[in-house]
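# Results of the structural survey
Next come the chains, spelled out residue by residue.
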Amino acid sequence: LSKGEIKAMRDFKLLDFNGDGKISRAEVALFPRLAAAFSDADTNRDNLVSYAEVQVFAVKYRAERQRKRAAQADVASGNQVVKP
């Protein structure tokens, strides 16, 4: 496991207050950024987020963040970005 994956697992366990292996909206209510992303991460729409759902969300989030950074770098360098 990478350092990031170890940190993600640790953070997940800290947020899983009742230890059921899933995070509820109530468990992330005090963390606005996490609460805002809850619906996107809850892919099976059971109002709970499993660690597997967190992993899938993280991959999509990183890809989107990298795409935005690349677009910003293109703009900064004067290259035109063509959206599909």
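Use the structure listed above.
Notes on the structure in this doc start here. As the structure is a computational prediction, the values presented were derived from the model and not from experiment.

## Re the environment of Phe38
Note on placement: Phe38 falls in helix α3 (residues 32–41). A residue is classified by how much of its surface remains accessible, and Phe38, at 3% relative accessible area, is buried. Taking the C-alpha atoms as reference points, Phe38 and Arg10, separated by 28 residues in sequence, lie 18 Å from one another. The contacts of Phe38, once residues within four sequence positions are left out, are Ile23, Ser24, Arg25, Val28, Asn47, Leu48 and Val49.

## A closer look at the packing of aromatic side chains
Within this structure, the stated rule accounts for 2 aromatic pairs. Judged by centre distance (5.4 Å) and plane angle (75°), the rings of Phe12 and Tyr51 are edge-to-face. A residue pair is termed long-range when its members are at least 10 positions apart, and Phe12 in helix α1 (residues 3–15) and Tyr51 in helix α4 (residues 51–77) qualify at 39 residues. On the basis of relative accessible area, Phe12 is assigned to the buried category, the value being 8%. The exposure class of Tyr51 is buried, given its relative accessible area of 18%. Between the aromatic rings of Phe57 and Tyr61, the centroid separation amounts to 6.1 Å while the plane-to-plane angle is 20°, which identifies the pairing as stacked. A residue pair is termed a helical-turn pair when its members lie 3 or 4 positions apart in one helix, as Phe57 and Tyr61 do in helix α4 at 4 residues.

## What to know about a nonpolar patch on the surface
Taken together, the side chains of Phe17, Leu30, Phe31 and Leu34 make up a nonpolar region of the molecular surface, amounting to roughly 450 Å² of accessible area. By the element assignment, Phe17 lies in the loop between α1 and β1 (22–24). Looking at Phe17, the relative accessible area reads 57%, which means it is exposed.

The rules behind these values
Residues numbered from 1 in each chain as written. Predicted model: local features only at pLDDT ≥ 70, side-chain atom pairs only at ≥ 80, totals over all residues. Heavy atoms only, no water. Helix = DSSP H or I, 4+ residues; strand = E, 2+ residues; numbered from the N terminus. Buried < 20%, exposed > 50% of the residue type's maximum accessible area, 1.4 Å probe, protein only. Contact = heavy atoms within 4.5 Å. Phe/Tyr/Trp six-rings, centres within 6.5 Å; stacked < 30°, edge-to-face > 60°. Patch = residues over 30% accessible without salt bridge, like charges linked within 9 Å, V, L, I, M, F, W, Y side chains within 5 Å. Areas by Shrake-Rupley, 256 points an atom, 1.4 Å probe, with all protein chains shown as cover. Salt bridge = Lys/Arg side-chain N within 4 Å of Asp/Glu carboxyl O.

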